Structure formats: C-alpha cells, structure tokens
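Listed below, chain by chain, are the residues.
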Amino acid sequence: MIGTTASTLYVVGNINVDLIMSTLGEWPQRGTEVMLQHSELRPGGSAGNCALALEAMQVPHRAIANQGDDGFSHWLASHFPHSAAHWPRYPCETSLTVGVTHPDNERSFLSNYGHITVLTAEDVLAQLPVQAVPGDIVLLCGTFLCLELYQHYPTLLATLQQRGFCVAVDTGWPPAGWSNEVRLHVGHWLAACDWLLLNEVEALGLTGAARLDESGAWLAARLSGRGGCVIKCGAEGARLWSAASVQYAAAQPVTVVDTIGAGDSFNAGFLAALLYGQPSHTALRWGIDVASQAISSSPRRYPSWQQLQLSNEVR
C-alpha cells in the first residue's frame, strides 16, 4: 500500500491552445480547401497535457507557465484554475498549435510563436518554492519551443538542484532539427538533469546513434546519476537506462482513438509514481497505463493514482 504524499510535481513550460483536426489522408494542393470530419479546441502543449493528466489523476501538482494577452488568454487560464493566478502576463498573442492527424495515427503540427517563447527563468523560479520539500519534482517540457527559457537552461537546472528539486526534462523535438549546436547546448545541462524523458526518434536524434540501446546508455551516463533516461516506444512500451540497470515494460494492445499527448500522459504517470515513492519499474508501468488509457478514450480519461496503486498490487 502507498499513502498520500507531501511532495508536489511542478510542470513547467509550454501550455498553449491546441486545435486538433482529423483525419487528413494527404495534404491538399495550394489554393484549395478540404473538409475534415472532426475538430476539437482544447488546452495543450506538452506541459499543459501533462498538468491536465495530473489533475485528473488527483496528483499534487502545479502548472508553471506564463500567458499572453488576447482572446484566448482567459480561456486557456480557466483550465488551470489552481495555477494560472501566478502566471505573468505578456503583451503578445497566445501560442497556438494546429494538430492534424493522419489515417496511420501519425500527426503533423503547425505552431505560431506566441507567449511560450517569452517565458523566462525568472518567471519560473518566482513560481517555485525557494526550498523544495523532500520528493518534490520539477518537469521541464517543450524545451526547444520556450525560446527564452531554453537559452538559460544550464543556470535554471543548476538553481533547481540547489533548491533541492528532483529535475526531469522532456525536450521534445527541435523545430530546426538536431544540429551539432543543439546537441552541444543540451550537453551543457545534462549533468544537472535527473530524469530525461524522450521518445525513440528524439533519443536517436539527440545522440546521433544508430541504435536505441546505444542512445539510452550514452544519455544515462551523462545525467546526474540520481535517475535515468526513459525512452518511450509507443505500442512497444518503454525502456529505462540508469546507472544500476536497464529495464523494460511492455504495453498492452489498445484501440487507438487519439495519440496526441501520449508521451505527456506517460510523463504524468511515470513521475506520479516517483512522487509517491514507487520504484522505477513501477513508474514505467504507471506511465504506460496512463498513456494507454488516454489514447484509447474520447473524451479523454485517466486513471486516478489510487486506481494505479490497486492495479500495481494486483500485479
């Protein structure tokens, strides 16, 4: 049995508006128009998706972000009532992503710049405790999209560790690709990162390796040593490399409804398990269970942490 926790999971980064359109078989010719069967306007972004999952799971958390100043600003903030009162407002448009899904469940994304690009390290640190409670976790999301914050990652991560936080990062994919400059910049702060949460293509892109096991081992060796590198493999489950071991957890087949935010939902489950003091192999299982339920439901559903606990005990 596990009980409640006094710790908090702080989710930092890109909380924006998502407009999801589906399903598009092929891109239309320029100057033409096509009609799609489904659309949904919802709060999103990697940080937003993770925070919404944590809210549904009843996990203690705070969403650390900023906001723009247009017609979307109040609507977006209203979905994060326990956090948005602390978000600084900037005189700019709200960041918006149009996600287009395809018949094979792959996605394409079109995003503007907007408010997430001006979020600063000072904005983030001002919304966090000056001293962490033991077990507190900070998850940094949308690394390459939060342009101002990205420039100060080395100092930000060092400060978070000084304050006593466990630090996790989900970088996402750099819009300009994995250049040597991007890899070098990431290399400056990896040692201050406890948990690195990537998908397969991100891990291979960051390391330039040909095989996933090479990527996982290489990244884990460059982290702080207090956590590890988790690589999310979709329908194949997830793998974890740490200083102590290599672990794997399989995913059960599900009927896929909507894959957008699958990795963010995994992050919520994985880090929630750590917040409640669970070992890493259980955290992998929680991450997969949360992501599996999220992508196979509409409206989207998530298990509570109590349900995850009971499921773990049955296993």
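Residues numbered from 1 in each chain as written. Predicted model: local features only at pLDDT ≥ 70, side-chain atom pairs only at ≥ 80, totals over all residues. Heavy atoms only, no water.

- As annotated in an unreviewed UniProt entry, the protein chain carries the name Carbohydrate kinase family protein and is attributed to Pantoea deleyi.

## What about the UniProt feature "domain: Carbohydrate kinase PfkB" (unreviewed entry) in the protein chain?
So, point 1. What UniProt calls "domain: Carbohydrate kinase PfkB" (unreviewed entry) maps, in this numbering, to residues 9-298.
So, point 2. With 32% helix and 21% strand, residues 9-298 has end C-alpha atoms that lie 26 Å from one another. (UniProt positions renumbered as here; feature names shortened; annotations may be inferred. Helix = DSSP H or I, 4+ residues; strand = E, 2+ residues; numbered from the N terminus.)

## Brief notes about the packing of helix H7 (residues 200-207) against helix H8 (residues 212-222)
So, point 1. Look at H7 against H8: their axes get within 9 Å of each other, and the N-to-C directions meet at 70°. Classed by the angle they form, the pair H7 and H8 counts as roughly perpendicular. Seen from above, H7 lies across H8 with left-handed handedness. For the pair formed by H7 and H8, the contact residues are Glu200, Ala203, Leu204, Leu206 and Thr207 on the first element and Leu212, Ser215, Trp218 and Leu219 on the second. (Axes fitted to C-alpha atoms, helices over the stretch in contact; angles between N-to-C directions. Parallel < 35°, antiparallel > 145°, perpendicular 65-115°, else oblique. Left-handed = near helix turned anticlockwise from the far one by under 90°. Contact = heavy atoms within 4.5 Å.)

## What to know about the packing of aromatic side chains
Both the distance between ring centres and the angle between the ring planes are used here to describe each pair of aromatic rings.
So, point 1. Taken as a whole and assessed by the stated rule, the structure comprises 11 aromatic pairs.
So, point 2. Relative to Trp87, the ring of Phe80 has its centre 5.7 Å away and its plane inclined at 45°; by these criteria the two rings are tilted. Taken individually, Phe80 and Trp87 each receive the classification buried, so the pair is uniform in this respect.
So, point 3. On the numbers, 6.4 Å between centres and 65° between planes, the contact of Tyr150 with Tyr153 is edge-to-face. (Phe/Tyr/Trp six-rings, centres within 6.5 Å; stacked < 30°, edge-to-face > 60°. Buried < 20%, exposed > 50% of the residue type's maximum accessible area, 1.4 Å probe, protein only.)

## Points about the state of the cysteines
So, point 1. In this structure the tally under the stated criterion is 0 disulfides.
So, point 2. Here Cys50 is not disulfide-linked; the sulfur of Cys141 is the nearest cysteine sulfur, at 5.6 Å.
So, point 3. Assessed through its relative accessible area of 0%, Cys50 is described here as buried.
So, point 4. The cysteine Cys193 is free of any disulfide, with Cys166 supplying the nearest cysteine sulfur at 8.5 Å.
So, point 5. On the basis of relative accessibility, which here comes to 0%, the residue Cys193 falls in the buried class. (Disulfide = S-S within 2.5 Å.)

## Observations regarding the nonpolar core
So, point 1. Within the largest apolar cluster, 48 residues are counted, with the highest numbers of intra-cluster contacts made by Met57, Leu139, Phe270 and Leu271.
So, point 2. Met57 has contacts with Ala268, Gly269, Ala272, Val290, Tyr302, Pro303, Ser304, Trp305, Gln306 and Leu308, leaving out every residue within four places of it along the chain.
So, point 3. Residues Ile64, Leu125, Val167 and Trp241 belong to the second largest nonpolar core, which totals 42 residues. (Core = buried A, V, L, I, M, F, W, Y, C linked by side-chain atoms within 4.5 Å.)

## A short note on the sheet that holds strand E3 (residues 38-44)
So, point 1. If you walk across this open sheet you meet the 4 strands as E3-E2-E5-E6, and the pairing is mixed. The open sheet has two edge strands, E3 and strand E6 (107-111), and neither has a second partner. Each strand of the sheet is rotated relative to its neighbour by a mean of 20°, with strand direction disregarded.
So, point 2. As paired strands, strand E2 (residues 16-22) and strand E5 (residues 96-101) are joined by 5 bridges and run parallel to one another. Bridged to Met21 within E5 is Val100. (Pairing = 2+ DSSP bridges.)

## Observations regarding the sheet that holds strand E9 (residues 195-199)
So, point 1. Ordered by their spatial adjacency, 8 strands build an open sheet running E4-E1-E7-E8-E9-E10-E11-E12, and the pairing between neighbours is mixed. The two strands at the open ends of the sheet, each matched to only one other strand, are strand E4 (61-64) and strand E12 (246-249). Adjacent strand axes in the sheet meet at a mean angle of 15° when their direction is disregarded.
So, point 2. The pairing of strand E7 (residues 137-141) with strand E8 (residues 166-170) spans 5 bridges and is classified as parallel. If you follow Ile137 over to E8, its bridge partner there is Cys166.
So, point 3. Sheet strands touched by helix H5 (residues 153-162): E7 and E8. Its angle to E7, the strand with the most contacts, is close to 165°.

## A look at the pattern of salt bridges
So, point 1. This model, assessed by the stated rule, comprises 9 salt bridges.
So, point 2. Across the pair Arg89 and Asp69 runs a salt bridge whose closest N-O atoms are separated by 3.7 Å. Of the two residues, Arg89 is situated in the loop between helix H2 (73-77) and E5 and Asp69 in the loop between E4 and H2; the sequence distance between them amounts to 20 residues.
So, point 3. For Arg226, the salt bridge is made with Asp194, and the minimal N-O distance between the two is 2.9 Å. (Salt bridge = Lys/Arg side-chain N within 4 Å of Asp/Glu carboxyl O.)

## Points about the environment of Tyr248
So, point 1. Within the fold, Tyr248 resides in strand E12.
So, point 2. On a C-alpha basis, the gap between Tyr248 and Gly237 in space is 7.5 Å, while along the polypeptide they are 11 residues apart.
So, point 3. If near-sequence neighbours (up to four positions away) are discounted, Tyr248 is found in contact with Glu236, Ala238, Arg239 and Leu284.

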